[in-house]
Amino acid sequence: MSLIDTFQDLVGQVPDVLQPLIVAAAAAIPFIEGEVGVLIGIVGGIPPLVAAIAAMAGNFLAVLVLVLLSSGARDAVLTGRRKRALTRAGMPAAGDPALAAVPDERSDGSRRTARRAKFQQAYERYGVPGVSMLGPLLLPTHFTATMLVASGVGKTRVLIWQALAIIAWTTLTALIASGVMNAVG
């Protein structure tokens, strides 16, 4: 049985008040996200609006946690690089003003994966809004958001655009699914 089937069965087994929580939990998982989470809810008998809100909330909450964690990790890595660069240059490694003066070290690009290179091309071509809105066609929002933060985009900007993308894609899926369900029923 697949993970989606498991969530689908779980929605049917829990009391109505807990069903949106199952949808939110499903939507927090990469590759399920809001789009499939809302389908799980609608097929499970949850009203489309409730299923959509639950799926959006679950998907966004997971993205929020990942953005905050990856932003913190990026800051720690850059601070370590700056301290090492200052130490090599014979400068004191303590103090925020000195750390801010050292430029960011970049790799030569020889270790980039093909996926990272494709992401970078899309980012340069479409920017944060385009990558966020079109990202779900290629990668889960979880990965797109993390890669944006790793590229140096501010976490607030990433979260705003990821929220808009989650809302748009989940709403579109909910409208299509509820239309299909109404046509079949």
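Structure's up top.
This section reports on the structure supplied with the text. In this text, all values refer to a predicted model and were calculated from it rather than measured experimentally.

A closer look at the packing of helix α2 (residues 19–27) against helix α3 (residues 33–43)
Thought 1: Two elements in contact, α2 and α3, have axes separated by 8 Å at closest approach and are oriented at 150 degrees. Viewed along their axes, α2 and α3 adopt a mutual orientation that is roughly antiparallel. The crossing of α2 and α3 is right-handed. In this structure, α2 contributes V23, A26 and A27 to the contact, and α3 contributes E33, G34, G37, V38, I40 and G41.
Thought 2: Of the residues belonging to the contact of α2 with α3, the class tally is five nonpolar, three polar and one charged.

As for unusual backbone geometry
Thought 1: Positive phi is not limited to glycine here, since F31 has a value of about 75 degrees.
Thought 2: On the secondary structure map, F31 appears in the loop between α2 and α3.
Thought 3: Backbone geometry at E33 places phi at a positive 50 degrees, although glycine is not the residue there.
Thought 4: Accessibility expressed as a relative area gives 5% for E33, which makes it buried.

Structural notes on a nonpolar patch on the surface
Thought 1: A cluster of nonpolar residues, Y126, L134, L137 and L138, forms a patch on the protein surface that exposes about 460 Å² of accessible area.
Thought 2: Its location among the elements puts L137 in the loop between α6 (114–134) and α7 (141–150).
Thought 3: Residue classification places L137 among the exposed positions, given a relative accessible area of 56%.

Focus on helix α4 (residues 48–88)
Thought 1: The terminal C-alpha atoms of α4, which comprises 41 residues, lie 59 Å apart, in line with the 60 Å expected from a rise of 1.5 Å per residue.
Thought 2: Residue G90 follows α4 closely and has a positive phi angle near 80 degrees.

With respect to the environment of V128
Thought 1: Mapped onto the secondary structure, V128 falls in helix α6.
Thought 2: In the structure, V128 is positioned 16 residues away from T144 in sequence and 9.8 Å away in space, judged by C-alpha atoms.
Thought 3: Those residues in contact with V128, other than ones at most four positions away along the chain, are Y123, L148, V153, R157 and W161.

Analysis parameters
- Residues numbered from 1 in each chain as written.
- Predicted model: local features only at pLDDT ≥ 70, side-chain atom pairs only at ≥ 80, totals over all residues.
- Heavy atoms only, no water.
- Axes fitted to C-alpha atoms, helices over the stretch in contact; angles between N-to-C directions.
- Helix = DSSP H or I, 4+ residues; strand = E, 2+ residues; numbered from the N terminus.
- Parallel < 35°, antiparallel > 145°, perpendicular 65-115°, else oblique.
- Left-handed = near helix turned anticlockwise from the far one by under 90°.
- Contact = heavy atoms within 4.5 Å.
- Nonpolar A, V, L, I, M, F, W, Y, C, P; charged D, E, K, R; others polar.
- Buried < 20%, exposed > 50% of the residue type's maximum accessible area, 1.4 Å probe, protein only.
- Patch = residues over 30% accessible without salt bridge, like charges linked within 9 Å, V, L, I, M, F, W, Y side chains within 5 Å.
- Areas by Shrake-Rupley, 256 points an atom, 1.4 Å probe, with all protein chains shown as cover.
- Salt bridge = Lys/Arg side-chain N within 4 Å of Asp/Glu carboxyl O.
- Expected span 1.5 Å × (residues − 1).

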